[in-house]
Amino acid sequence: MKTDILSLQGIVKIFPGVLANDHIDFSLGKGEIHSLLGENGAGKTSLMNILYGLYTPDEGEIYINGRKVQIKNPSDALSLGIGMVHQHFMLIPIMSVTENIMLGMETKKIGMLDTEKAKNRIRELSGQYKFNLDPDDLIKDLPIGTQQRVEIIKALYREANILILDEPTSVLTPQETEELFAILRSLKDEGKSIIFISHKLKEVLSISDKITVLRDGRSIGSVTPENTSEQELASMMVGREVILKVEKNVMKRGAPVLQVKDLEVNDQRGAKVVDSISFTVNEGEIFGIAGVQGNGQTELIQALTGLLPFQNGEVVMKGVKLTGEDPRKVTLLGIAHIPEDRQKYGLVLQYPVRDNLILCSYYAEPFSKRGILDYPVISEKASRLIEEYDIRTPGINTVTETLSGGNQQKIVVARELARDINLLIASQPTRGLDVGSVEYIHKKIIETRDARRGVLLVSSELDEIMSLADTIGVIYKGKIIKTLNIEEATKEKLGLLMAGVNV
Ligand SMILES: Nc1ncnc2c1ncn2[C@@H]1O[C@H](COP(=O)(O)OP(=O)(O)OP(=O)(O)O)[C@@H](O)[C@H]1O
Ligand SMILES: [Mg+2]
């Protein structure tokens, strides 16, 4: 029998109040793309952090090529040929590609020669895998998809033959995902082995040789794409049937909630990125903005939520004019906001879960009376939201940072949907969520619309836009180039519009 390149046996990892990994067995063949699937908090990242030497397992053994090894830190992992691309990149923005790749390497001489040699090697690797990377580019000037390639090259530079990618596609456009998959396939052809984590079942089915499902810290089995389906994978993960298709009633459009007219917004560098945009979101309507990431949707939402000033145009919320740059006023007008970047704008990571759950209403009744916080009321509310939104946390006082990525996202969504609001602005609301949670959040967004609220949804997932929106505006280079009703929208049409082809 052929030995696996990697085998994890009986891995146990315990955190205070959580059994993150419960006797997990996992093996990886040479030249195999093996996906790890599981609900938010199932233990995927923890298991990979153990393999990469970031966490020490409480029990269990790791074998590389049949030989038992100890991995005490990432440099042990690297010397055993294991590289990891984390979900939140660990690159330094103001440094160049080369500097980032060389960072932490045991270079004997930091002279010119070594840097030149490194650059050549980076060019060589970049050419070999068609990465299109310039070793002198600064990280901060590169799109996310390219930054991710720097992370991959960093691992290849260190001669990794086992590559771990933790949710690499959650921040990529469909085009970038295709490019990443081409790269992964060519790595596989060269005999590299890859562990791939994603919540997108279609992706997992298309890229994997083998799929292992974790649930509640346990491995519940492995399947191959030929012998399974999206529906079966979803049930394996969640332990019940999951409805992948969203049900919704016909829209009953009411009065305008948000009116945007000729809006112009500059980005932080002063370039006009939102160019004379006009649209209206009405009561009982989900207005979806479809577009490839980076076409102005981020700045549009930041301007509407008071995070960025706008240069020209008018924003009217239920008859009240917004002047820009006043997030508190926006909140008080009844606008809920699920931001695109949960860690930067959605959460205070060092705060307990409880505080993050009432972050925008703590100063008002019933949570605060005459300036004094009422902790029993706050705690009660937090516990209820945790239950309702199935947030996996040991308790309300747990520090938010220690929760899994998807569970952090659920805190933001729960908090924003739990308030009495007029308008919900949701950017990539289900990014990083497992299928069961996506189903739940979609249901909640539809309930918000059916309760006669307005919903502005920004998503780069066409499936999400198509299943939720009543009206779709396609954004391209800062302009809404077309607005259509859901009945007229097809995937093909939207795809073309998103590429700037007016149909
Ligand atoms: N450093 C830590 N301290 C305390 N608890 C932790 C820590 N890291 C992870 N956990 C807990 O371990 C459990 C598994 O988390 P993990 O991050 O492995 O989940 P995951 O499967 O990657 O989920 P997601 O899909 O949401 O990223 C969670 O309950 C989480 O709260
Ligand atoms: Mg994770």
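Definitions and cut-offs
- Residues numbered from 1 in each chain as written.
- Chains lettered and ligands numbered in written order.
- Predicted model: local features only at pLDDT ≥ 70, side-chain atom pairs only at ≥ 80, totals over all residues.
- Helix = DSSP H or I, 4+ residues; strand = E, 2+ residues; numbered from the N terminus.
- Rg over C-alpha atoms; globule rule 2.2 N^0.38 Å.
- Buried ≥ 20, exposed ≤ 12 C-beta atoms within 10 Å, placed from the backbone.
- Contact = placed C-beta atoms within 7 Å.
- Domains from an automatic or database assignment.
- Near = placed C-beta within 6 Å.
- Nonpolar A, V, L, I, M, F, W, Y, C, P; charged D, E, K, R; others polar.
- Pairing = 2+ DSSP bridges.
- Axes fitted to C-alpha atoms, helices over the stretch in contact; angles between N-to-C directions.
- Core = buried A, V, L, I, M, F, W, Y, C linked by C-beta atoms within 7 Å.
- Expected span 1.5 Å × (residues − 1).

Caption draft 1: Highlighting the overall build of the chain. Helix and strand content of the chain: 17 helices and 22 strands. A compact globule built from 503 residues should have a C-alpha radius of gyration of about 23 Å, and the chain, at 24 Å, falls within 12% of that. Structurally, the chain occupies a C-alpha span of about 70 × 50 × 45 Å along its principal axes. The 503 residues of the chain split such that 43% are buried. Summarising the internal contacts of the chain: among those between residues at least 6 apart in sequence, 68% fall at separations of at least 24.

Caption draft 2: Structural context of the domain arrangement of the chain. Domain boundaries in the chain define domain 1 (6-238), domain 2 (244-334 + 422-503) and domain 3 (350-419). Centre-to-centre, using C-alpha coordinates, domain 1 lies 32 Å away from domain 3.

Caption draft 3: Structural view of the site of ligand 1. As a structural note, the neighbourhood of ligand 1 is formed by 18 residues, with Asn40, Thr45, Ser46, Ser404 and Gly406 the closest of them. Secondary-structure elements contributing two or more residues to the shell around ligand 1 are strand 2 (18-28), helix 1 (44-51) and helix 14 (405-417). For the shell around ligand 1, the residue count by class is five nonpolar, eleven polar and two charged. Taken together, domain 1 (6-238) and domain 3 (350-419) each give at least three residues to the shell around ligand 1, which thus spans both.

Caption draft 4: Spotlight on the pairing of strand 22 (residues 479-485). Across six bridges, the pairing between strand 21 (residues 471-476) and strand 22 is antiparallel. Pairing of Thr471 across the sheet is with Asn485, part of strand 22. Where strand 21 folds back on strand 22, the antiparallel hairpin that results is connected by two residues, among which Lys477 adopts a positive phi of roughly 45°.

Caption draft 5: Geometry of unusual backbone geometry. Non-glycine residue His23 carries a positive phi angle of around 55°. Located in the positive-phi region is Lys130, a residue other than glycine, with phi close to 55°. Summarising the element assignment, Lys130 is placed in the loop between helix 4 (112-128) and helix 5 (144-157).

Caption draft 6: Broad picture of the sheet that holds strand 15 (residues 320-322). Strands sit in the order 12-11-14-15 across an open sheet of four strands; the sheet is antiparallel. The two strands at the open ends of the sheet, each matched to only one other strand, are strand 12 (272-282) and strand 15. For this sheet, the mean inter-axis angle between neighbouring strands, taken without regard to orientation, is 25°. Of the strand pairs in this sheet, strand 14 (residues 312-317) and strand 15 are connected by three bridges, and their pairing is antiparallel.

Caption draft 7: Local environment of the environment of Gly405. Here Gly405 shows up in helix 14. With 88 residues separating them along the chain, Gly405 and Lys493 place their C-alpha atoms 33 Å apart. In this structure Gly405 touches Gln87 and Gly432, once residues within four positions along its chain are discounted.

Caption draft 8: Representation of the nonpolar core. Among the nonpolar cores identified, the biggest contains 121 residues, and Leu51, Ile82, Ile164, Leu423, Ile425 and Leu457 are the most heavily contacted of them. Excluding its chain neighbours within four sequence positions, the residues that come into contact with Ile164 are Met48, Leu51, Tyr52, Met84, Val85 and Ile195.

Caption draft 9: Here's a closer look at helix 5. For helix 5, which comprises 14 residues, the first-to-last C-alpha distance of 20 Å matches the rise-based estimate of 20 Å (1.5 Å per residue) to within 8%. For helix 5, the set of buried residues is Gln148, Arg149, Val150, Glu151, Ile152, Ile153, Lys154, Ala155 and Leu156. The first or second residue beyond helix 5 is Glu159, which carries a positive phi of 60°.

Caption draft 10: Summary view of the pairing of strand 10 (residues 218-223). In terms of strand pairing, strand 9 (residues 210-215) meets strand 10 through five bridges, oriented antiparallel. Within strand 10, the position partnered with Thr212 by the bridge is Ser222. Hairpin connection from strand 9 to strand 10: two residues lie between these consecutive antiparallel strands, with Asp216 at a positive phi of about 50°.

Caption draft 11: Focus on the sheet that holds strand 21. Ordered by their spatial adjacency, six strands build an open sheet running 16-19-20-13-21-22, and the pairing between neighbours is mixed. The open sheet has two edge strands, strand 16 (335-338) and strand 22, and neither has a second partner. The mean angle between the axes of side-by-side strands here comes to 15°, regardless of whether they run parallel or antiparallel. As defined by bridge partners, strand 13 (residues 285-290) adjoins strand 20 (residues 454-459) across six bridges and the pair is classed as parallel. In the sheet register, Phe287 faces strand 20, and the bridge partner there is Leu456. Across the sheet, helix 17 (residues 491-498) is in contact with strand 13, strand 21 and strand 22; its angle to strand 21 comes to roughly 30°.

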